[in-house]
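Structural overview for review
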Amino acid sequence: MAPDEERRTAVIIEDDADIRHLLEAVLSDAGFHTIATGNGLDGVQAVKAYDPIVTTLDMGMPGIDGLETARRIRQFSQTYLVIVSARSEEIDTLQALDAGADDYLTKPFRPRELRARIDAMLRRPRVVGVDPAAGQPAQAPAPTTAAPAAPAPAVPDPSLLPAEGSPASLVEPAATQPGGTAPAPAAAEPADLVDEGEGWLVHRGLRLNPDMRLVRHGQDEIVLTRSEFDLLAALMETGRRVRGKADLALLLRGESYVTSYYVSEADKRAIEVHMANLRRKLTDTATSPRWIETVRGVGYRLTSVDES
């Protein structure tokens, strides 16, 4: 795990005292300061109070269950959310991912596997971290509250008016070009994936900044979970090249796509759930996609920029 994380706090939400103590021991050995709670309501309050990097969550608990707890946490927090549950049916995994979980581990679990999964998640960039422009911690965890202080310039129409200083936009039109002929337009980026400068990737009006972990459409910010953001970033970085479900599952684990890693059918189904949630937040559809299209039996890719 990265030794330089600015905060090393983990919240444990587990009603079984023995499992709770085991999770405390595992996460403490991994370098976390742990906050343990025995039910969903207390867990939600602990996440609000301590803003943990990682939260583990049981499914079956008194009061509100794990699914409702996950939904409430996702309303205000981008903590890495790992479900640790005795429920092993595929539907349980899919419902947990749909509620906002990043990973799902069944009981009895192996402590080394839990640590390895958390290690893999922490290798992925955090939504809230260092402001790449100033080198300072971000002023607010929620993108919507940070909007008044955001350093990125707002432009009326990013697809028509590039940001000031963009290398392909407001360059003077080579008036001194020899021969006095009108200069040819600057060579465009690949048609289906345009970089508008300052780290932004743009596809048909949808903008993504991997460094700032922001997604925007027009002037609206779209709040995604870490898994959803990483999937969208992967697709926008590769454009029309198809990304397979196994490839994307390994990406979320922080592993390379090599044949020695096993990807189960449940892992691939989890990608389908994440993609369905991503499309819903983008108000996109699988039948008439604006941004993400399904290549049946293979995976996903960006739509063509020429599609209407």
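Look up: the structure comes first, before these words.
The following paragraphs examine the structure supplied in this document.

Conventions and cut-offs
- Residues numbered from 1 in each chain as written.
- Predicted model: local features only at pLDDT ≥ 70, side-chain atom pairs only at ≥ 80, totals over all residues.
- Heavy atoms only, no water.
- Helix = DSSP H or I, 4+ residues; strand = E, 2+ residues; numbered from the N terminus.
- Pairing = 2+ DSSP bridges.
- Contact = heavy atoms within 4.5 Å.
- Axes fitted to C-alpha atoms, helices over the stretch in contact; angles between N-to-C directions.
- Parallel < 35°, antiparallel > 145°, perpendicular 65-115°, else oblique.
- Nonpolar A, V, L, I, M, F, W, Y, C, P; charged D, E, K, R; others polar.
- Core = buried A, V, L, I, M, F, W, Y, C linked by side-chain atoms within 4.5 Å.
- Buried < 20%, exposed > 50% of the residue type's maximum accessible area, 1.4 Å probe, protein only.
- 1 Å grid on protein atoms, 1.4 Å probe; cavity = no way out; pocket = protein on both sides within 12 Å on 5 of 7 lines; lining within 4 Å.
- Points joined across faces, edges and corners; volume = space filled by probe spheres on them.
- Phe/Tyr/Trp six-rings, centres within 6.5 Å; stacked < 30°, edge-to-face > 60°.
- Lys NZ or Arg CZ within 6 Å of the ring centre and 35° of its normal.

1. What about unusual backbone geometry?
Across the junction of Lys-107 and Pro-108, the peptide omega takes the value -5°, indicating a cis bond. With respect to the element layout, Pro-108 can be found in the loop between β5 (103-106) and α5 (111-122). Despite not being glycine, Thr-283 shows a phi value in the positive range, around 55°. Within the secondary structure layout, Thr-283 lies in the loop between α9 (265-282) and β12 (292-295).

2. Observations concerning the sheet that holds strand β13 (residues 299-302)
Strands sit in the order β11-β13-β12 across an open sheet of three strands; the sheet is antiparallel. One side of each edge strand has no neighbouring strand; the edge strands of this open sheet are β11 (243-244) and β12. Pairing geometry for β11 and β13, over two bridges, is antiparallel. Residue pairing for β13: Arg-243 is matched across the bridge by Tyr-300. Lying over the sheet, helix α7 (residues 226-238) contacts β11, β12 and β13, oriented at roughly 60° with respect to β13. Against the sheet, α9 engages β12 and β13, with an angle of about 150° to β12.

3. A short note on the pairing of β13
Note: β12 against β13, four bridges, orientation antiparallel. Bridge pairing links Glu-293 to Arg-301 in β13. Between β12 and β13, which pair antiparallel and follow one another directly, the connecting turn spans three residues, one of which, Gly-297, has a positive phi of 80°.

4. Focus on the packing of helix α8 (residues 245-253) against α9
Interaxial distance between α8 and α9 falls to 9 Å at its minimum, and their mutual angle equals 85°. Relative to α9, the element α8 is oriented roughly perpendicular. For the pair α8 and α9, contact is made by Lys-245, Ala-246, Leu-248, Ala-249, Leu-252 and Arg-253 and by Asp-267, Lys-268, Ile-271, Glu-272 and His-274, respectively. Considered class by class, the residues forming the contact of α8 with α9 number five nonpolar, one polar and five charged.

5. Quick notes on the sheet that holds β5
Reading across from one edge, β2-β1-β3-β4-β5 is the order of the five strands in this open sheet, with parallel pairing throughout. Bordering the open sheet on either side are β2 (33-37) and β5, each of which pairs with just one other strand. Direction aside, neighbouring strands of the sheet carry axes that sit 20° apart on average. Pairing analysis gives four bridges linking strand β4 (residues 80-85) to β5, with the strands arranged parallel. Across the sheet, Val-82 pairs through a bridge with Asp-103, a residue of β5. Across the face of the sheet, α5 comes into contact with β3 (54-57), β4 and β5 while running at roughly 175° to β5.

6. Notes on the nonpolar core
Membership of the largest hydrophobic core comes to 27 residues, with the highest contact counts inside it found for Val-215, Leu-232, Ile-271, Met-275, Leu-282 and Ile-292. Elements with a minimum of two residues in this core: β8 (206-209), α7, α8, α9 and β13. Considering every element that reaches this core, the biggest residue donor is α7, with seven residues. Dropping the residues within four chain positions of it, Val-215 is found in contact with Leu-206, Arg-207, Leu-208, Asp-220, Glu-221, Ile-222, Leu-224, Phe-229 and Leu-232. In terms of nonpolar packing, the next biggest core, distinct from the first, is built from 19 residues, Leu-23, Val-26, Ile-53 and Phe-109 among them.

7. A look at the layout of surface pockets
Its boundaries defined by the atoms lining it, the largest pocket holds a volume of some 770 Å³. As for the largest pocket, its lining consists of 31 residues, and the residues nearest its centre are Asp-103, Tyr-104, Arg-117, Arg-253 and Asp-267. Mapped by element, the contributors of at least two residues to the lining of the largest pocket are α4 (90-98), β5, α5, α8 and α9. In the lining of the largest pocket, the residues fall into 14 nonpolar, five polar and twelve charged.

8. Observations regarding the packing of aromatic side chains
Applying the stated criterion across every chain yields a total of zero aromatic pairs. In this arrangement the basic side chain of Lys-48 is found over the ring face of Phe-76, its NZ or CZ atom lying 5.3 Å from the centre. Stacked on the ring of Trp-200, the Lys or Arg Arg-207 has its end atom at 5.1 Å from the ring centre.

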